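Given next are the chains, with one letter for each unit.
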Amino acid sequence: MTDPWGKTRAGFTAKTKINRQDFGIKYNDKLPSGVEAVASDVDIIVNTELVLN
C-alpha cells in the first residue's frame, strides 16, 4: 500500500510453534497450584513492516 507520504509499505507476519524441550531446555518448575510455570510449546510470532523508497 502507499502511505500518506507517498512511500510504499508492505507488512508480513510469520508464525511458528516449537517445543522448547527439543532444544534441551528442560526447566519444569511448577506454580503452587501444580500448573507448569512454562509450557513445553512456545509460539513464535514475527511482525515485519517494510518501507520502500
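Located above this text is the structure these notes cover.
Asks: How do you make sense of the overall build of the protein chain when you look at a structure like this?
Replies: Of the regular secondary structure elements, the protein chain holds zero helices and two strands. Taken over C-alpha atoms, the radius of gyration comes to 19 Å for the protein chain, far larger than the 10 Å a tight globule of 53 residues would show. Expressed as lengths along the three principal axes of its C-alpha atoms, the size of the protein chain is roughly 55 × 25 × 10 Å. For the protein chain, the proportion of its 53 residues judged to be buried stands at 4%.

Asks: Would you mind going over the side chain of R20 with me for this structure?
Replies: Mapped onto the fold, R20 is located in the loop between β1 (8-19) and β2 (41-52). Buried charge R20 goes without a salt bridge, the closest partner of opposite sign being E36 at 5.0 Å. Engagement of the side chain of R20 in a polar contact is seen with the backbone oxygen of A39, the distance being 2.8 Å. Those residues in contact with R20 that lie beyond four places of it in its chain are I25, K26, Y27, N28, V38, A39, S40 and V42.

Asks: Help me understand the pattern of salt bridges in this model?
Replies: As a working rule, side chains carrying opposite charge can pair if their charged atoms are close by. Evaluation of the coordinates by the stated rule reveals three salt bridges. Across the pair K17 and D43 runs a salt bridge whose closest N-O atoms are separated by 3.8 Å. Of this pair, K17 sits in strand β1 while D43 sits in strand β2, placing them 26 residues apart in sequence. Each of D3, R9 and E49 takes part in salt bridges that share partners, so that together they form one network.

Asks: Quick question: what am I supposed to make of the environment of T13 here?
Replies: Note that T13 resides in strand β1. Not counting residues within four places of it along the chain, the set of residues in contact with T13 comprises I45, V46 and N47. Looking at T13, its side chain comes within polar contact range of the side chain of N47, at 3.0 Å.

Cut-offs applied
Residues numbered from 1 in each chain as written. Predicted model: local features only at pLDDT ≥ 70, side-chain atom pairs only at ≥ 80, totals over all residues. Heavy atoms only, no water. Helix = DSSP H or I, 4+ residues; strand = E, 2+ residues; numbered from the N terminus. Rg over C-alpha atoms; globule rule 2.2 N^0.38 Å. Buried < 20%, exposed > 50% of the residue type's maximum accessible area, 1.4 Å probe, protein only. Lys, Arg positive; Asp, Glu negative; His and termini not counted. Salt bridge = Lys/Arg side-chain N within 4 Å of Asp/Glu carboxyl O. Polar contact = N/O pair within 3.5 Å; in protein donor to acceptor, adjacent residues only side chain to side chain. Contact = heavy atoms within 4.5 Å.

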